[in-house]
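Chain residues, written in single-letter form:
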Amino acid sequence: MKNVSLKSQPARNAAGIEAAAKALPISSKKGMGRLLRQEALAGYLLIAPNLLIYSVFVVIPVLMSLVLSFTDWNFVGGFEKLKFVGFENFAALPTDTWFTDSLRNNLQYALVVPITMAFGLLFAMFLNKFVYFRSFLRSMIFMPYITSSIAIAAVWMVIFHPSYGPINSFLYSLGMENPPRWLGSSAWALPTVMFINVWGGFGYNMVLYLAGLQSIPQEIYEAAEIDGAGPIAKFRFIVFPLLTPTTFFLLVTGVIGSFKVFDIINVMTQGGPGTATTMLAYDVYRTGFVFYKMGYASSIAWVLMIIVAIITAIQWWGQRKIVVEY
Amino acid sequence: MTGKMISRRDFIRLASSAAAAAALASCAPAATPAPTTAPTAAPVPTKAPAAGEATKAPAATTAPTVAPTAAAATKAPAKTPVKLRWWGGVPEASGPKQTVEAWNKINPDIQVEYVQYPNNTEGNVKLDTALQADGEVDVLVSYGLNPLKQRADGGAIEPLDAFLGAFDPEKEFGKLDNRWDNKYWALILNSQPRFVYLNKKALDDAGLKVPTDWTWEEYMDYAKKLSKGSGPTKRYGAFYQFPDSFEPVRVSKGGDVSYKDDCTSNYEDPLFLAALKNRVQMQDADKSVAPFGDVTAAKLQPYSEFLTGKTAMLLEGSWILRYIKAVKDNPRDFMVAFAPMPHMKDGPNPFRPGVGDDRVSIAKKSKNKDAAWQFIKWWSTEGYINMTPFGRVTLWRGRKAEDTIQSFLGDFTDYQKYMDVDGYKTVMFGNSDKNYPIGFKANAAAEIGQINTEELSKVFLGETKPEDAMKNIKKRADEALAKACKK
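Everything numeric here is computed off the predicted structure, so don't read it as measured data.

Thresholds applied
- Residues numbered from 1 in each chain as written.
- Chains lettered and ligands numbered in written order.
- Predicted model: local features only at pLDDT ≥ 70, side-chain atom pairs only at ≥ 80, totals over all residues.
- Helix = DSSP H or I, 4+ residues; strand = E, 2+ residues; numbered from the N terminus.
- Rg over C-alpha atoms; globule rule 2.2 N^0.38 Å.
- Contact = placed C-beta atoms within 7 Å.
- Buried ≥ 20, exposed ≤ 12 C-beta atoms within 10 Å, placed from the backbone.
- Domains from an automatic or database assignment.
- Nonpolar A, V, L, I, M, F, W, Y, C, P; charged D, E, K, R; others polar.
- Expected span 1.5 Å × (residues − 1).
- Axes fitted to C-alpha atoms, helices over the stretch in contact; angles between N-to-C directions.
- Parallel < 35°, antiparallel > 145°, perpendicular 65-115°, else oblique.
- Left-handed = near helix turned anticlockwise from the far one by under 90°.
- Pairing = 2+ DSSP bridges.
- pLDDT = per-residue confidence, 0-100.
- Core = buried A, V, L, I, M, F, W, Y, C linked by C-beta atoms within 7 Å.
- Arc of directions from axis to C-beta.

**Q** I'd love a proper account of the overall build of chain A, names of residues and values included.
**A** Of regular secondary structure, chain A possesses 15 helices and 2 strands. A globule of 326 residues ought to have a C-alpha radius of gyration of about 20 Å, yet chain A, at 27 Å, is considerably larger. Counting only contacts in chain A whose residues sit at least 6 apart along the sequence, the fraction spanning at least 24 positions is 65%.

The structure is reproduced here in structure tokens:
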């Protein structure tokens, strides 16, 4: 009988588990299979509640909304009022001002992602070198990310108030007669909303970048210095390439998240002024629950999902070319 | 592994069965002993989109169910009382509580309980979701024609014609927008005239008299003369809360003036542009109303602006009376005078400015429709007086004006000091024979409302000229109506 030490490091892949199972002092093959089956059963039982909830609240509604996107339905009347209209909803999208303006706004809003990442990286590099008060500064910068977005929206609305808010009061005191009216101006409303989200999100990016930075071994920097690299070259050839896994992760999740923005729009601008800040997620809500056109809203939602899926697929393909793993 | 510890297999078995048991236990809804229809409906709404809000309804009403069942138990009735659930948007203490108490006392076999839903988008979705569950809603109140029409067209409302008998809504309440497709969908209860509230002290300071009959031009002139000061402490002459600027056209030509026919809008009519230009003049040239950007950015409310003296005149509905009466909560040092709504130069308004609202209907999925009709019939006639102390006046033509006035002024101490009662009587009860400028058409109403808000906001923020805004409104409204008419 083999004397296997159970204290050795367990293998991490299936082949290793098989080998370890084989090495255990169980004589019959049936016993080994039973053990694995029991563990698999236990695993399924443990994830069953979560899977059940996920199916009922996510998978089934998503499939239902696919069916709904081919119908015209005022949900107040129940399912008897469902009417199938084929591709009519999708055909109506290109001529719908609310949809096209929302799409345009979402594409502009997606710029939030690289800007937030840039700020996150900048602050991460700074905090990596700066030793004093590091954890205090890190917590302070991360705080907006965990604050309720409604609270953030409410406070920034006061700060950006076009007549009495601190920002414009300051600009008036500098002698400016007509400072921008921020959320009350078609040109400035979207940049203002973008600014607020950059402010709220770069803490999260910074924390991830800090973790990434701290995993770069010192030897690489020293080797580069021996070769005569200055700070810019170090950034270009060491820091940025080795942070590409983090960058890629933040880019994918950031873009997906930017297409889902809703709460700030609903609280601060309700899509206004005019159609300056209407977003696809807000348009879905308004079409379904204010105009009572559930079928049409579902079609907008599915188009949104397809757009996000395409963008994510492009990014995933780009990952193979760009991301450096070592 | 020694014999003292549980083996890994047994631990996994134990943990998974404990987790499964906990999940199943937490899924079971809180058991309520009373055999009412309400708790059985609790699991049903969770499938609907507004899952979070719907589940709040049963929790909110477990308290009221205790009182009626206790009252019923002490009477030892031969049959269990029918329970009606009444959904409305008014805060419970502002009328519904008193109404429910009055009804429950005289009708021990039909007990009513009130469920309040906030009258905003989310609250209306909550009500719409509840309407799909059997027996969750018996009596519902819709605010505005559009929500009522959406619910009726969606099949959630029971037409009233089968219950009417000799009761003729048109005779009792006047011709209102509660009837289409040859059916009555609701009774409209609340008479809400719209008129101008005036700060008497400001009028006296400016040397102006309380007007009894005036045009829109004179109104704008008053507003200019009543504006005083500048900066954060400025007092404006008038106040507009929403971008909609077309009320002068509606009270002069009727509520359907924005529709040329069912599928075309009428926004090329020059009256709309004229009304819009007047309001732009008040904001930009006369500076007699607060800039629209400020109103929306700070979410200014009409009653607080008027009662704190930030605006000298307020053109609003009679719902403001509730705040005028509550002097303790809104202390002020001026008397409130009243003036009728201005009219166009070509003559007095053919309609009585205001709205009829509080549309009460029976839900299609209610299990107690006859009982619900009894309650509605009582509430809309004699029972509505319970809502009057809080500013709601019934449209019922059988009402006695003196009773209503007494009910409103009853607990208002020193009212002579705070409001001009004769003016109040004139604006509240004058012109009762005229009809409200009801809009009977509601095609694409929600979309057109959104279009108006968007285009008019841009005018008031100085980004579009009024003529261009009206052209855009006409174009987009026609597109929305064309889409709605295609079906």
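Back to the text.
**Q** Give a detailed account of the overall build of chain B, specifying residues and quantitative values.
**A** Each helix and strand in chain B was counted, giving 22 helices and 13 strands. Taking all 487 residues of chain B together, 42% fall into the buried category. Of all intrachain contacts in chain B linking residues separated by at least 6 positions in sequence, the fraction that spans at least 24 positions is 76%.

**Q** Hey, could you go over the domain arrangement of chain A for me, with residue numbers and the actual values?
**A** Taken domain by domain, chain A holds domain 1 (14-68) and domain 2 (90-322). Each of domain 1 of chain A and domain 2 of chain A has a C-alpha centre, and these two points are 38 Å apart.

**Q** An account of the interface of chain B and chain A is needed here, citing residue identities and associated values.
**A** Facing 34 residues of chain B, the contacting portion of chain A comprises 32 residues. Residue assignment for the side of chain B that touches chain A shows that the elements contributing at least two residues are α1 (8-27), α6 (121-131), α7 (145-153), α14 (292-297), α21 (445-460) and α22 (466-486) of chain B. Take the side of chain B that touches chain A: its biggest share by element is 7 residues, from α1(B). Of the residues that constitute the side of chain B that touches chain A, the class distribution is 12 nonpolar, 9 polar and 13 charged.

**Q** Break down helix α5 (residues 112-129) of chain A for me, with residues and values.
**A** All names here are of chain A. Under the 1.5 Å per step criterion, the end-to-end length of α5 is 26 Å for 18 residues, consistent within 8% with the ideal 26 Å. The set of residues buried in α5 consists of Val112, Val113, Thr116, Met117, Gly120, Leu121, Phe123, Ala124 and Leu127. Where α5 is buried, its residues touch α4 (97-109), α6 (134-146), α9 (186-214) and α12 (244-259).

**Q** An account of the environment of B:Asp411 is needed here, citing residue identities and associated values.
**A** Residue and element names in this part refer to chain B. Inspection of the secondary structure assignment puts aspartate 411 in the loop between α18 (401-409) and α19 (415-418). Accessibility expressed as a C-beta count within 10 Å gives 9 for aspartate 411, which makes it exposed. Expressed as a C-alpha distance, the spacing of aspartate 411 and glutamine 281, which sit 130 residues apart in the sequence, is 42 Å.

**Q** Explain the packing of helix α13 (residues 270-285) of chain B against α22(B) to me, using residue names and the numbers behind them.
**A** Residues and elements named next belong to chain B. Two numbers describe how α13 lies on α22: the axes approach to 10 Å, and their chain directions differ by 135 degrees. Judged by the angle between their axes, α13 and α22 are oblique. Our pair here, α13 against α22, has a crossing hand that is right-handed. From α13, Phe272, Leu273, Leu276, Lys277 and Val280 reach across to α22, where they touch Pro466, Glu467 and Met470. Here the residues of the contact of α13 with α22 sort into 6 nonpolar, no polar and 2 charged.

**Q** Got a sec to walk through the pairing of strand β7 (residues 187-199) of chain B? Specific residues and values, please.
**A** All names here are of chain B. Of all 13 residues in β7, 13 are buried; the element is thus mostly enclosed. Summarising the sheet, β7 and strand β12 (residues 354-363) pair through 6 bridges and their orientation is antiparallel. Paired with asparagine 190 across the bridge in β12 is aspartate 357. Of the pairings in the sheet, the one linking β7 to strand β13 (residues 393-394) comprises 2 bridges and is antiparallel in character.

**Q** Account for unusual backbone geometry, with residues named and values stated.
**A** All names here are of chain A. Positive phi values are uncommon outside glycine, yet phenylalanine 133 reaches one of about 55 degrees. Counting through the fold element by element, phenylalanine 133 comes out in the loop between α5 and α6. Among the residues examined, phenylalanine 133 registers 11 C-beta atoms within 10 Å and is labelled exposed. Of note, the phi angle at tyrosine 292 is positive, near 60 degrees, even though the residue is not glycine. As for its placement among the helices and strands, tyrosine 292 is situated in the loop between α14 (280-289) and α15 (294-322). For tyrosine 292, a count of 25 C-beta atoms within 10 Å corresponds to the buried category.

**Q** Pulling in residues and values, what's your account of the packing of α6(A) against α9(A)?
**A** Residues and elements named next belong to chain A. At a minimum axis separation of 6 Å, α6 and α9 run at an interaxial angle of 125 degrees. The angle between α6 and α9 falls in the class oblique. Read as a crossing pair, α6 and α9 show a hand that is left-handed. Across the interface between the two elements, Arg138, Ile141, Phe142, Met143, Pro144 and Tyr145 from α6 touch Trp199, Gly200, Gly201, Gly203, Tyr204, Met206 and Val207 from α9. Its residues assigned to classes, the contact of α6 with α9 shows 9 nonpolar, 3 polar and 1 charged.

**Q** Requested: an account of the confidence of the model for chain B, with residues and values cited.
**A** When pLDDT is low, close inspection of the predicted coordinates is not appropriate. All names here are of chain B. Looking at chain B as a whole, its pLDDT mean stands at 80, while 85% of the residues score no less than 70. Low pLDDT, under 50, characterises residues 27-77; the stretch is placed with 60 contacts to residues that sit more than four places away or in other chains. Reported confidence for the predicted complex is 0.75 by ipTM and 0.76 by pTM.

**Q** So what's going on with the nonpolar core? Which residues, and what values?
**A** Counting residues in each nonpolar core, the largest one holds 165 residues, and the members touching the most others are B:Met313 and B:Phe375. Residue contributions to this core peak at 10 residues, all from α9(A). Other than its neighbours up to four places away in sequence, B:Met313 contacts B:Val196, B:Tyr197, B:Leu198, B:Tyr222, B:Ala223, B:Leu226, B:Gly237 and B:Ala238.

**Q** Tell me about the environment of B:Phe173, and please be specific about residues and values.
**A** Residue and element names in this part refer to chain B. Summarising the element assignment, phenylalanine 173 is placed in helix α9 (residues 169-173). Between the alpha carbons of phenylalanine 173 and alanine 339 there is a distance of 25 Å; along the sequence they are 166 residues apart. Non-local contacts of phenylalanine 173, meaning those with residues more than four positions away in its chain, are made with Leu187, Ile188, Leu395, Trp396 and Arg397.

**Q** Describe the pairing of strand β11 (residues 336-339) of chain B, with residues and values.
**A** Residues and elements named next belong to chain B. Burial along β11 is two-sided: the face carrying Val336 and Phe338 and the face carrying Ala337 and Ala339 are both buried. As defined by bridge partners, β7 adjoins β11 across 4 bridges and the pair is classed as antiparallel. Residue pairing in the sheet places tyrosine 197 in a bridge with phenylalanine 338 of β11.

**Q** Explain the confidence of the model for chain A to me, using residue names and the numbers behind them.
**A** Counting all residues, the mean pLDDT for chain A is 87, and 90% of those residues have values of 70 or more. Of all the helices and strands in chain A, helix α1 (residues 14-23) of chain A carries the lowest mean pLDDT, 68, while α4(A) carries the highest, 94.

**Q** Before we move on, can you summarise α22(B) with the specific residues and values?
**A** Given a rise of 1.5 Å per residue, 21 residues ought to cover 30 Å, and the 30 Å separating the end C-alpha atoms of α22(B) matches this to within 8%. Taken together, the buried positions of α22(B) are B:Pro466, B:Ala469, B:Met470, B:Ile473, B:Arg476, B:Ala477, B:Ala480 and B:Leu481. The arc enclosing the buried residues of α22(B), seen along the axis, measures out at 140 degrees, which places them on a common side. Pointing more than 90 degrees away from the buried face of α22(B) are the exposed residues B:Glu467, B:Ala482 and B:Lys486. Looking at the buried residues of α22(B), the elements they touch are α4 of chain A together with β9 (264-265), α13 and α21 of chain B.

**Q** Pulling in residues and values, what's your account of the environment of B:Lys458?
**A** Tracing the backbone shows B:Lys458 in helix α21. We classify B:Lys458 as buried; it has 24 C-beta atoms within 10 Å. Each C-alpha atom of the pair B:Lys458 and B:Phe292 lies 9.8 Å from the other, and the pair is 166 residues apart in sequence. Setting aside anything within four residues of it in sequence, one finds B:Lys458 in contact with A:Ser186, A:Pro273, A:Gly274, B:Glu463, B:Thr464 and B:Ala469.

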